[in-house]
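# Overview (structure and organization)
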Amino acid sequence: MPPADLNALHPDIWPRGAARRDGVLTLCGVDVRDLAARFGTPVLVADEEDVRGRAREYLEAFGPDGGVFYAAKAFCSRAVLRWVHSEGLGIDVCSGGELEVALSADVDPAMITLHGNNKLPAEIERAVAAGIGHIVVDSFEEIARVAFFAAQAGTRARVLVRVTTGVEAHTHEFMATAHDDQKFGFSLASGAADEAVRRVLALPSLLFAGLHSHIGSQIFDTAGFEVAAHRVIELAARIHGEHGVHVEELDLGGGFGIAYTPDDDPPDVKSLTSSLRAIVAFQCSAVGLPIPKLTIEPGRAIVGPSTVTLYEVGTIKDVDGLRTYVSVDGGMSDNIRTALYDASYTVVLASRTSDAAPMLSRVVGRHCESGDIVVRDCYLPADLAPGDLLAVAATGAYCRSMASNYNHLTKPGVVAVRDGAASEIVRRETLDDLLRLDVG
Ligand code: LLP
């Protein structure tokens, strides 16, 4: 079914600063035609105030006793890390690269958490030297490695033990991380989690800070968090019984879903966070434990809705009786999510409005692959023409951060908009950038 109004901007899907002015999409007052002319297409345009606002909402909803860490894997650039850090969020990084961006953005090291199932020794060494707040240990080898580097540096590293709770999260298989048959964390079911805590407590250069659980991503239903919290708190009770140690911190990870299309109905921040807190409080009182400090690591929910990708239409092909293929000047190299997860997106004609009839369309990229789809099923106006600009909504998370140079396309730049002004925060790549790496 085509939407009632092809030109409408659903408020839950588009950035808060998005509006049509004289028919043209504007972002924080900036005309998309000017953005395209100045920065080229494809380009990702991020509404700074939208990001900051969502960061504040998580922090407020989570309360002063909790901590919110922005998961930088969703989108990692100095500007965005500075925005969310200046709003009071810590930063969760999952590689040495993300750690360097955070440190070079002057994020307080004490507010950085390092993740990863195979952190390189050099990354651990760097994290310990920088004095970051938490290292989340994910394997027995890593416990020994962190202990070694902390001892060598003459310090104690604060570690969280990542626990695999066996929860089957209701999301795409590749985004679920707490079922038993996958690579992350220490299994609760096998007893590995109990053993990991034992080893951490036995090593003098490690400080056992608490437990971590992340069940998956793009989750709408709090039931999975409930089961995970229940199991982790049972572990906390066993830890107290065996070692007399209270788990002081419980990090429930990220995963909070956002709306990509009008069919998506994610829970609002307040009800989500209050239900998480209530679940933990209830479980703790059931086993007679004090409530630990609760932390979360939202990535997508902070940056996802803030950003749109602008593309220019290049060719339009009517495949008789089926649909119209609209080819744009980017594709799976700037948004792999449709191909990888069968993700759905919302797209509109951005450079003008149109009263033409809706045309069943598929927005595709310019890669040499038929799976190169940006928006699988959508309606665009039948008078769409080459040179028109399309805007795809909610591309702030896991699009630029998962971008590639497939077919030697250059990665798009990222532009921040605020109060009628635009500035590039990640420069668009040039062919010279690519050729410079080709040293053969
Ligand atoms: N914390 C941990 C330990 C994580 O592994 C993740 C995401 C997050 C926090 C943040 O999750 P978020 O709030 O953003 O859902 N590439 C996929 C998503 C993979 C998420 C990986 N881990 C996608 O494009 O949907």
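This write-up is about the structure you can find in this document. If you're wondering where the values come from, they're calculated on a predicted model, not measured in any experiment.

### Focus: helix H8 (residues 223-243)
Two residues of an α-helix separated by three or four positions point the same way, owing to the 3.6 residues in each turn. The end-to-end C-alpha separation of H8 is 30 Å, in line with the 30 Å expected for 21 residues at 1.5 Å each. Of all the positions in H8, only Gly-224, Phe-225, Ala-228, Ala-229, Val-232, Ile-233, Leu-235, Ala-236 and Ile-239 are classed as buried. Mapping the buried residues of H8 onto a view down its axis gives an arc of 155°, with all of them on the same face. Those residues of H8 that are buried are in contact with strand S9 (157-164), helix H7 (192-202), strand S11 (206-212), strand S12 (249-251) and helix H9 (269-287).

### Focus on the environment of Asp-221
Mapped onto the elements, Asp-221 comes out in the loop between S11 and H8. Separated by 35 residues in the primary sequence, Asp-221 and Phe-256 place their C-alpha atoms 8.8 Å from one another. At 3.1 Å, the side chain of Asp-221 and the backbone nitrogen of Ala-223 are in polar contact.

### Here's the deal with the nonpolar core
Tyr-70, Val-161 and Leu-211 are the most contacted members of the largest nonpolar core, which has 104 residues in total. Sorting elements by how many residues they give to this core places H8 first, with eight residues. Shared between two domains, this core takes at least three residues from each, and those domains are domain 1 (18-47 + 305-436) and domain 2 (115-298). Beyond its immediate sequence surroundings of up to four residues, Tyr-70 is in contact with Phe-75, Val-80, Leu-81, Val-84, Leu-89, Gly-90, Ile-91, Asp-92, Pro-298, Gly-299, Ile-302 and Val-303. Counting 26 residues, the second largest nonpolar core, distinct from the first, contains Ile-13, Val-24, Leu-310 and Val-348.

### Points about the sheet that holds strand S3 (residues 30-31)
Taken in spatial order, the three strands of this open sheet run S1-S2-S3, and their pairing is antiparallel. Edge positions in the sheet fall to strand S1 (18-21) and S3, since each has one partner strand and no second. In this structure, strand S2 (residues 24-27) lies alongside S3, joined through two bridges in antiparallel fashion. Its bridge partner being in S3, Thr-26 is matched across the sheet by Asp-31.

### Re the pattern of salt bridges
Counting across every chain of the model gives 23 salt bridges. A salt bridge links Arg-198 to Glu-195, with the nearest nitrogen and oxygen atoms 2.8 Å apart. Placement of the pair is Arg-198 and Glu-195 together in helix H7, with a separation of three residues, close to one helical turn. Judged by relative accessible area, Glu-195 falls into the partly exposed class, the value being 24%.

### A short note on unusual backbone geometry
That bond from Thr-41 to Pro-42 is cis: its omega, -10°, falls within 30 degrees of zero. In this fold, Pro-42 is placed in the loop between helix H1 (32-39) and strand S4 (43-47). Its identity as a non-glycine residue notwithstanding, His-408 has a phi of 55°, on the positive side. Within the secondary structure layout, His-408 lies in the loop between strand S19 (389-392) and strand S20 (413-418). The backbone phi angle of Asp-419 is positive, close to 45°, even though this residue is not glycine.

### A short note on the site of the ligand
The local shell around the ligand holds 20 residues, among which Ser-217, Glu-297, Arg-337, Tyr-341 and Tyr-398 are the closest. A distance of 3.5 Å is found between an oxygen atom of the ligand and a side-chain nitrogen or oxygen belonging to His-214. Note that an oxygen atom of the ligand is positioned 2.3 Å from one of the side-chain N or O atoms of Ser-217. Taken by itself the ligand offers 580 Å² of open surface, and the protein chains cover 92% of this. Tallied by class, residues from the shell around the ligand come to seven nonpolar, seven polar and six charged. Counting contributing residues, the shell around the ligand receives three or more from each of domain 1 (18-47 + 305-436) and domain 2 (115-298).

Basis of the calculations
Residues numbered from 1 in each chain as written. Predicted model: local features only at pLDDT ≥ 70, side-chain atom pairs only at ≥ 80, totals over all residues. Heavy atoms only, no water. Helix = DSSP H or I, 4+ residues; strand = E, 2+ residues; numbered from the N terminus. Expected span 1.5 Å × (residues − 1). Buried < 20%, exposed > 50% of the residue type's maximum accessible area, 1.4 Å probe, protein only. Arc of directions from axis to C-beta. Contact = heavy atoms within 4.5 Å. Polar contact = N/O pair within 3.5 Å; in protein donor to acceptor, adjacent residues only side chain to side chain. Core = buried A, V, L, I, M, F, W, Y, C linked by side-chain atoms within 4.5 Å. Domains from an automatic or database assignment. Pairing = 2+ DSSP bridges. Salt bridge = Lys/Arg side-chain N within 4 Å of Asp/Glu carboxyl O. Near = heavy atom within 4 Å. Areas by Shrake-Rupley, 256 points an atom, 1.4 Å probe, with all protein chains shown as cover. Nonpolar A, V, L, I, M, F, W, Y, C, P; charged D, E, K, R; others polar.

So, to be careful, I would describe these as geometric facts and stop short of saying anything about function.
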